[in-house]
Amino acid sequence: MKLGIVGLPNVGKSTLFNAITKAGAEAANYPFCTIEPNIGVVSVPDERLKVLTEMYKARKTVYTAIEFYDIAGLVKGASKGEGLGNKFLGHIREVAAIVHVVRCFDDQNVVHVEGKIDPISDIETINTELILSDMEIAERRLLKAQKNVKNDKSLQFELELMKRLLEVLGKGISARTMELTEEEYEYIEAMDLLSFKPIIYAANVSEEEISSKIENEYVKSVRAFAETEGSDVVVICAKIEAEISELEDDEKQMFLDELGIEESGLDKLVRASYHLLNLISFLTAGEPEVRAWTITRGTKAPGAAGKIHTDFEKGFIRAETVAYDTLVNCGGNLVTAKEKGLLKSEGKEYVVKDGDVIHFLFNV
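Just so you know, these numbers come straight off a predicted model, no measurement behind them.

Cut-offs and rules
Residues numbered from 1 in each chain as written. Predicted model: local features only at pLDDT ≥ 70, side-chain atom pairs only at ≥ 80, totals over all residues. Heavy atoms only, no water. Helix = DSSP H or I, 4+ residues; strand = E, 2+ residues; numbered from the N terminus. Buried < 20%, exposed > 50% of the residue type's maximum accessible area, 1.4 Å probe, protein only. Contact = heavy atoms within 4.5 Å. Areas by Shrake-Rupley, 256 points an atom, 1.4 Å probe, with all protein chains shown as cover. Phe/Tyr/Trp six-rings, centres within 6.5 Å; stacked < 30°, edge-to-face > 60°. Pairing = 2+ DSSP bridges. Axes fitted to C-alpha atoms, helices over the stretch in contact; angles between N-to-C directions. Salt bridge = Lys/Arg side-chain N within 4 Å of Asp/Glu carboxyl O. Patch = residues over 30% accessible without salt bridge, like charges linked within 9 Å, V, L, I, M, F, W, Y side chains within 5 Å. Lys, Arg positive; Asp, Glu negative; His and termini not counted. Charge placed at Lys NZ, Arg CZ, Asp CG, Glu CD.

Asks: Quick question: what am I supposed to make of the overall build of the protein here?
Replies: Per the secondary structure count, the protein includes 15 helices and 12 strands. Relative to its full complement of 364 residues, the protein shows a buried share of 50%. Look at the contacts in the protein between residues 6 or more apart in sequence, and 70% of them connect residues 24 or more apart. Only carbon and sulfur atoms are counted for the fraction: they give 50% of the accessible area of the protein, which is about 18,100 Å².

This is the structure in structure tokens:
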């Protein structure tokens, strides 16, 4: 799954991206530093893999991952091509969800493209460009439906839905806020609207504020706005996260302890992103390898097997599955779990749960 990191120029996007991926994306104090999107793959934190690796003395541990795209800063007029806007909006269209980095700190040494710190204005600037782009698409669909509805009554559904969509967008409200039936949701989703993509607001604060754990007025305003959309907010300090990313694991924990922080902002962001995309992990474990596999929540056993290899799905017989906590309580011993009746044999209709440790049986 791909997530796009967006925001106005100089809000900390590339600094955050560097911290996430250690990919060395250029971060400089001037607009449009990033033109082509930098792409980085980041592991999803999962303590369960560490435990299973120790239990099985596994030779290899493989975490599941998410791709992050560092998309260049947008400005007013992007939907009309300002600031290479069309190119940037095209990059956003390629991702499944958006991480919108919002500046929530004061620093006279870091210029702001609008000349002042106002996170809600920043959010509205970005959202407006996404909404304007979506309105063009919806207007074209509406005109086409109006033209052909007399000869094709099935277009009445599309006609009414486009009218509702344009009414919402016309008020400067993102499409993601709309209340939709299942059929309407599927239709809108297929349109690949920018303002319909799920979003996380990453409130970028100063070093002092992340340590104090007291949210400033900027962050509070972002939270209030996010609530109107049903979106999540993750408070981070991109500068600190960049410093943490350079440390070894043991040094990282010491640094976090010194700051009085239980979990890094990046770990929170990655977890939130995973949740945003409605993803879960099932696990496979053995001496050769302990591994997490990403699937969409609600995936049935054959589909999960197909994530490992298409032959597993085609020749699926059954899945032997045990919950992670249950397996740990059995000392990681599948035989013990089976003797206690805790190892389940599941068929094609079984819906895989997060943390299931699974062994698939299949015909070659």
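So that's the structure; there's more coming.
Asks: How should I be thinking about the packing of aromatic side chains in this particular structure?
Replies: Considering all chains together, one arrives at 7 aromatic pairs under this definition. When the ring of Phe-282 is compared with that of Trp-293, the centres are 6.4 Å apart and the planes differ by 15 degrees; the resulting orientation is stacked. With Phe-282 in strand E8 (residues 279–284) and Trp-293 in strand E9 (residues 290–296), this residue pair connects regions lying 11 residues apart in the sequence. Pair check on accessibility: Phe-282 and Trp-293 agree, each one buried.

Asks: Before we go on, may I ask you to explain the sheet that holds strand E2 (residues 38–43) in this structure?
Replies: Within a sheet, adjacent strands bond to each other through the backbone by hydrogen bonds, running parallel or antiparallel. The mixed open sheet is built from 6 strands, whose spatial order is E2-E4-E1-E5-E6-E7. The strands lining the two open edges of the sheet, one partner per strand, are E2 and strand E7 (232–236). Direction aside, the axes of adjacent strands within the sheet are offset by 25 degrees on average. With 4 bridges joining them, strand E1 (residues 2–6) and strand E4 (residues 65–70) adopt parallel strand pairing. Following the sheet pairing, Lys-2 is matched in E4 by Glu-67. Across the sheet, helix H1 (residues 13–21) is in contact with E1, E2, E4, strand E5 (97–103) and E7; its angle to E2 comes to roughly 45 degrees.

Asks: When you look at the environment of Ala-203 in this model, what are you seeing that I'm missing?
Replies: Within the secondary structure, Ala-203 sits in strand E6 (residues 199–204). Judged by relative accessible area, which is 0%, Ala-203 ranks as buried. C-alpha separation for the pair Ala-203 and Val-102, spaced 101 residues apart in sequence, amounts to 5.1 Å. If sequence neighbours within four positions are ignored, Ala-203 has contacts with Val-102, Cys-104, Val-219, Val-233, Val-234, Val-235 and Ile-236.

Asks: Honestly, the pattern of salt bridges in this entry has me stumped. Any pointers?
Replies: Pairing between side chains becomes possible if they bear opposite charge and their charged atoms approach one another. In this structure the tally under the stated criterion is 16 salt bridges. The shortest N-O distance in the salt bridge between Glu-207 and Lys-239 comes to 3.4 Å. Of this pair, Glu-207 sits in helix H7 (residues 207–212) while Lys-239 sits in helix H9 (residues 238–244), and the two are 32 residues apart along the sequence. Look at Glu-207 and you get partly exposed, because its relative accessible area is 29%. Where Glu-215 meets Arg-223, a salt bridge forms, and the shortest distance between an N and an O atom there is 2.9 Å. Each of Asp-46, Arg-48 and Asp-354 takes part in a single network of salt bridges with overlapping partners.

Asks: Which parts of the structure should I look at to understand a negative patch on the surface?
Replies: Judged by side-chain charge, Glu-182, Glu-183, Glu-186 and Glu-189 come together as a negatively charged surface patch. Structurally, the position occupied by Glu-182 is in helix H6 (residues 182–190).

Asks: Sorry, what's going on with the pairing of E5 here?
Replies: When a strand is regular, its side chains alternate between the sheet's two faces. The buried fraction of E5 is high, at 7 of 7 residues. Going residue by residue along E5, you find Ala-97, Val-99, Val-101 and Arg-103 tucked away on one face and Ile-98, His-100 and Val-102 tucked away on the opposite face as well. Here E1 pairs with E5 via 4 bridges, running parallel. Bridge pairing in E5 places Ile-5 opposite Val-99. Strand direction decides the pairing type here: E5 and E6, joined by 6 bridges, are parallel. In the strand pairing of E6, Ile-98 is matched with Ile-199.

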